[in-house]
Amino acid sequence: EATIDAELLEVYLEEAVEVLAAIASQITVCESDPYDREALTLIRRSFHTLKGSGRMVGLFNLGEVAWAIEQCMNKLLQEEKPASADVLALIRQAHAAFCGWVEDLQQRGMTEVEASALIECAAALRDTIGQEDPLAEEVPTEVVEPSFDGETLPATESSDDVVIGDIAISPTLFEIFCDEAEKHLATLQRGMISLAEEGEVD
């Protein structure tokens, strides 16, 4: 990576150590219960944090790796799928890689990031989430349309959906949106404060 401000790097490393510890604890939870939505959400948020903070201090390669894992977790939560063995293996691999990079940064102030294989693996796994097993036997079934007084019932929204105007979205997608928006607003606020201190804005 390019030259990084030492003070910003120190802040990043302190946060990264805490985030990586949180990921490790949630991996254990998911191994016991692959359907634990709270644990999966916390893992997604942790990689989201690593992405945002990495990009903010100039560790763009690390940010890209975290982004790839975050996108995979977004798809998993959106499809409401459990953490499969492949997903857990990806999370463990990414966690181990980040631990190594953080250790290098702590000891040498620099690190070499070669994670193209990890990023490709995350993208490939993301694309398979939610797809039916192609080897599963297809059993033809008769489709019966539910009706009321001879008329087809209209599709209804889930009672758990979040309704915004004419749009209804799942609580999981709404939570992801709110989390992303909150992080971006915080980044903008920090940028405005920094510019104000430098006298570039009123």
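Predicted, not measured: the structure shown is a model, and the values here were computed from it.

1. A short note on the pattern of salt bridges
Taken as a whole and assessed by the stated rule, the structure comprises six salt bridges. Between Glu31 and Arg92 there is a salt bridge, with the nearest N and O atoms lying 2.8 Å from each other. Taken together, the residues span a long stretch of sequence, with Glu31 in helix α1 (residues 6-32) and Arg92 in helix α4 (residues 85-108) at a distance of 61 residues. A single salt-bridge network, built from bridges that share partners, covers Arg44, Lys51 and Glu70.

2. Points about the nonpolar core
If you look at the biggest cluster of nonpolar residues, it comprises 42 residues, and the most contacted ones within it are Tyr12, Phe47, Leu50 and Phe98. Look past the residues within four positions of Tyr12 in its chain and what remains in contact with it is Leu50, Ser53, Gly54, Val57, Leu59, Leu62, Phe98 and Leu105.

3. Considerations on unusual backbone geometry
Notably, Glu80 is not glycine yet its phi reads approximately 55°, a positive angle. Tracing the sequence through the fold places Glu80 in the loop between α3 (60-78) and α4. You can call Glu80 exposed: its relative accessible area is 51%.

The rules behind the values
Residues numbered from 1 in each chain as written. Predicted model: local features only at pLDDT ≥ 70, side-chain atom pairs only at ≥ 80, totals over all residues. Heavy atoms only, no water. Salt bridge = Lys/Arg side-chain N within 4 Å of Asp/Glu carboxyl O. Helix = DSSP H or I, 4+ residues; strand = E, 2+ residues; numbered from the N terminus. Core = buried A, V, L, I, M, F, W, Y, C linked by side-chain atoms within 4.5 Å. Buried < 20%, exposed > 50% of the residue type's maximum accessible area, 1.4 Å probe, protein only. Contact = heavy atoms within 4.5 Å.

Function cannot be read off these values alone, since they describe shape.
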